[in-house]
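Each chain is listed here by its residues.
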Amino acid sequence: MTRTVLCFGDSNTHGQIPGRGPLERYRREQRWGGVLEGLLGPGWQIIEEGLSGRTTVHDDPIEGSLKNGRTYLRPCLQSHTPLDLIIIMLGTNDLKRRFNMPPSEVAMGIGCLVHDIRELSPGPAGHDPEIMIVAPPPMLDDLREWESIFSGAQEKSRKLALEFEIMADSLEAHFFDAGTVCQCSPADGFHIDEAAHRQLGEALAQEVLAIGWADA
């Protein structure tokens, strides 16, 4: 049996190198999804679906509707089904000043994605897959040239974990706070570097194995 895990996220799932452009990314084995796959070993397939600038549920007025995670999620699920586990790590881009979202409403956006997943039931035999909500690590105070775009987001980012955990509990989904094991890079203040990818991948491998799969 091969278990399939979909990692649905933004540039920190895509593996964008801090301080660089969206076309410059870490190699697969350096990204947290690749680290996760390597540690889980044979019998596990990790699908990375990370897009720079992706939001939970918002069309971006500058970067376009393709950044809307909710719009893309449904065809993504249908193309990769059956899925045993879906890991969602989004929310950072929702904190851009242009969206003016409080942390509680970013969590609501995550909740919308969970509802959409369960509506489609893309798990084995048409059942619901396991879902894990991951709160991204908080931003650093110094966002360098990104300060104007994320103005005021630093404090909000430190409140995402609590709001995400509350949402996960209410939806009976798994939860993990990435900020407990890694931090953003000072190169730009909101992307994670290679060491952080390794730390996050290692931690998530333990979380995934702890779910308690039926054939474990």
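Residues numbered from 1 in each chain as written. Predicted model: local features only at pLDDT ≥ 70, side-chain atom pairs only at ≥ 80, totals over all residues. Heavy atoms only, no water.

Summarizing the sequence annotation, UniProt attributes the feature "domain: SGNH hydrolase-type esterase" (unreviewed entry) to residues 7–198 in the numbering used throughout. Along residues 7–198 one finds 34% helix and 13% strand; the C-alpha atoms at either end are 15 Å apart. (UniProt positions renumbered as here; feature names shortened; annotations may be inferred. Helix = DSSP H or I, 4+ residues; strand = E, 2+ residues; numbered from the N terminus.)

Here we take up the pattern of salt bridges. Tallied over the entire structure, the rule returns 16 salt bridges. Here Arg70 and Asp116 are joined by a salt bridge, their closest N and O atoms 2.7 Å apart. Of this pair, Arg70 sits in helix 3 (residues 69–80) while Asp116 sits in helix 4 (residues 103–120), and the two are 46 residues apart along the sequence. By relative accessible area, which is 34% here, Arg70 ends up partly exposed. (Salt bridge = Lys/Arg side-chain N within 4 Å of Asp/Glu carboxyl O. Buried < 20%, exposed > 50% of the residue type's maximum accessible area, 1.4 Å probe, protein only.)

The next point concerns helix 6 (residues 160–171). Between the first and last C-alpha of helix 6 there are 16 Å, a value that for 12 residues agrees with the 16 Å anticipated at 1.5 Å per step. For helix 6, every residue scored as buried is listed here: Leu160, Ala161, Phe164, Met167, Ala168 and Leu171. Each buried residue of helix 6 lies within a common arc of 130° when the element is viewed along its axis, so the set occupies one face. When the buried face of helix 6 is taken as reference, the exposed residues oriented beyond 90 degrees from it are Leu162, Asp169 and Ser170. Those residues of helix 6 that are buried are in contact with helix 4, strand 4 (130–135), helix 5 (153–157) and strand 5 (174–177). Looking one or two residues beyond helix 6, the residue adopting positive phi is Glu172, at roughly 55°. (Expected span 1.5 Å × (residues − 1). Arc of directions from axis to C-beta. Contact = heavy atoms within 4.5 Å.)

Here we take up the nonpolar core. Ile88, Ile133 and Phe164 are the most contacted members of the largest nonpolar core, which has 35 residues in total. Elements supplying a minimum of two residues to this core: strand 1 (3–9), helix 3, strand 3 (85–89), helix 4, strand 4 and helix 6. When sequence neighbours within four positions are dropped, the list of residues in contact with Phe164 reads Leu90, Gly91, Val106, Ala107, Ile110, Ile133, Val134, Ala135, Pro136 and Phe175. One finds Met89, Ile192, Ala196 and Trp213 within the second-largest nonpolar core, a separate group that totals 24 residues. (Core = buried A, V, L, I, M, F, W, Y, C linked by side-chain atoms within 4.5 Å.)

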